[in-house]
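Take a look at the letters that make up each chain.
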Amino acid sequence: APEGPLTILQDINLNVKRGEALVISGESGSGKTTLLGLMAGLDSADQGEVILLGQSLADKSEEQRASIRNGRVGFVFQSFHLVTGATALQNVMLPLELAGAASPGQRAQQVLQEVGLEHRLHTPVERLSGGEQQRVAIARAYAVKPEILFADEPTGNLDSKTGQQIIDLLFKLRDDSGTS
C-alpha cells in the first residue's frame, strides 16, 4: 500500500481450552474474520505463531495445514461457501468423503436431520432460504465430529429468532459431540 504496511492484528495472546466456547466481538473491519482464519489455519501469519491442535502452523504449507484440519476442524463461513448446483446432502457429504469417513451419506443425512432439514436433503442449496443454507453450513462443519469448530458470524444474515435457534443448535451439537 502507498501508506506503508498494514497491521491487522497485533499483540494477541490467546489460549482456548477444550470444551470452551469463546465469542470474539468487535466493530466491522476490526479483524475478527482474519483472526478466525489464522486460528483455523486457513490463512498464514506474517509474524508470530499459531498453534492448532498442538501443532505450530508457522512453517506449514497450505497442504500441511489442510492435513492438520482434515476431520478435526470445522468451519462455518460467514458467506456459507456451499457448493451451488449440489444438494444439501451432497454439501454435507463432501468433508466426510474428503476425510475418508465410512458411510458418508448416512452420516450426512443424520446431521441434516439434527439441524431440522431432513425434508430438504435433495434440494439444491441455491433453492434453500438463508436460514436453511446456514443450517447446511453448520451440518457440514459438524459432520466430521470436529475437535474444534470455528463459526464466523453464524447468525449475521438471520433474523433474531432464527439467529437464536442457530446459537442454540451450535451449543446442542457441541454438547452432543463433545466438540470444543
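Quick caveat: nothing in here was measured; it's all calculated off a predicted structure.

(A) The arrangement of the overall build of the chain in detail. Within the chain, the secondary structure is distributed over six helices and four strands. The secondary structure elements of the chain, listed N-terminal to C-terminal, are α-β-β-α-β-α-α-α-β-α. Scaling as 2.2 N^0.38, a compact globule of 180 residues should have a C-alpha radius of gyration of about 16 Å, and the chain matches this with 17 Å. Taking the principal axes of the C-alpha coordinates as reference, the chain spans close to 50 × 35 × 30 Å. Out of the 180 residues belonging to the chain, those deemed buried represent 38%. Here the analysis covers contacts within the chain between residues at least 6 apart in sequence; of these, 62% occur between residues at least 24 apart. Working note: accessible area of the chain is about 10,600 Å², and carbon and sulfur atoms make up 47% of it. If you average the places of the 16 positive and of the 22 negative side-chain charges in the chain, the two averages end up 7 Å apart.

(B) Local environment of helix α1 (residues 32–39). In terms of burial, α1 is a largely internal element, six of the eight residues being buried. Every buried residue of α1 is accounted for by Lys 32, Leu 35, Leu 36, Gly 37, Leu 38 and Met 39. Here the buried face of α1 lies against β1 (51–52), β3 (73–76) and β4 (148–151). Directly beyond the C-terminal end of α1, a positive phi value near 75° is found at Gly 41.

(C) Examining the confidence of the model for the chain more closely. Confidence in the prediction for the chain averages 87 pLDDT; 96% of positions are at 70 or higher. In the model of the chain, helix α6 (residues 160–177) stands out as the element of lowest mean pLDDT, 75, in contrast to helix α3 (residues 88–98), which has the highest, 95.

(D) Layout of the nonpolar core. Counting 30 residues, the largest nonpolar core has Val 92, Leu 112, Val 115, Val 136 and Ile 138 as the members making the most contacts within it. Of all the secondary-structure elements, those providing two or more residues to this core are α3, α4 (104–114), α5 (130–143) and α6. With seven residues, the top contributor of residues to this core is α5. Contacts of Ile 138, omitting those with residues within four sequence positions, involve Val 76, Ile 166, Leu 169, Leu 170 and Leu 173.

(E) Local environment of the packing of α3 against α4. Viewed as axis vectors pointing N to C, α3 and α4 meet at an angle of 125°, and their least axial separation amounts to 8 Å. Looking at the two axes, α3 sits oblique to α4. Note on packing geometry: the crossing formed by α3 with α4 is right-handed. Across the interface between the two elements, Ala 88, Leu 89, Val 92, Met 93, Leu 96 and Glu 97 from α3 touch Pro 104, Gly 105, Arg 107, Ala 108, Gln 109 and Leu 112 from α4.

Reading the values: rules and limits
Residues numbered from 1 in each chain as written. Predicted model: local features only at pLDDT ≥ 70, side-chain atom pairs only at ≥ 80, totals over all residues. Heavy atoms only, no water. Helix = DSSP H or I, 4+ residues; strand = E, 2+ residues; numbered from the N terminus. Rg over C-alpha atoms; globule rule 2.2 N^0.38 Å. Buried < 20%, exposed > 50% of the residue type's maximum accessible area, 1.4 Å probe, protein only. Contact = heavy atoms within 4.5 Å. Areas by Shrake-Rupley, 256 points an atom, 1.4 Å probe, with all protein chains shown as cover. Lys, Arg positive; Asp, Glu negative; His and termini not counted. Charge placed at Lys NZ, Arg CZ, Asp CG, Glu CD. pLDDT = per-residue confidence, 0-100. Core = buried A, V, L, I, M, F, W, Y, C linked by side-chain atoms within 4.5 Å. Axes fitted to C-alpha atoms, helices over the stretch in contact; angles between N-to-C directions. Parallel < 35°, antiparallel > 145°, perpendicular 65-115°, else oblique. Left-handed = near helix turned anticlockwise from the far one by under 90°.

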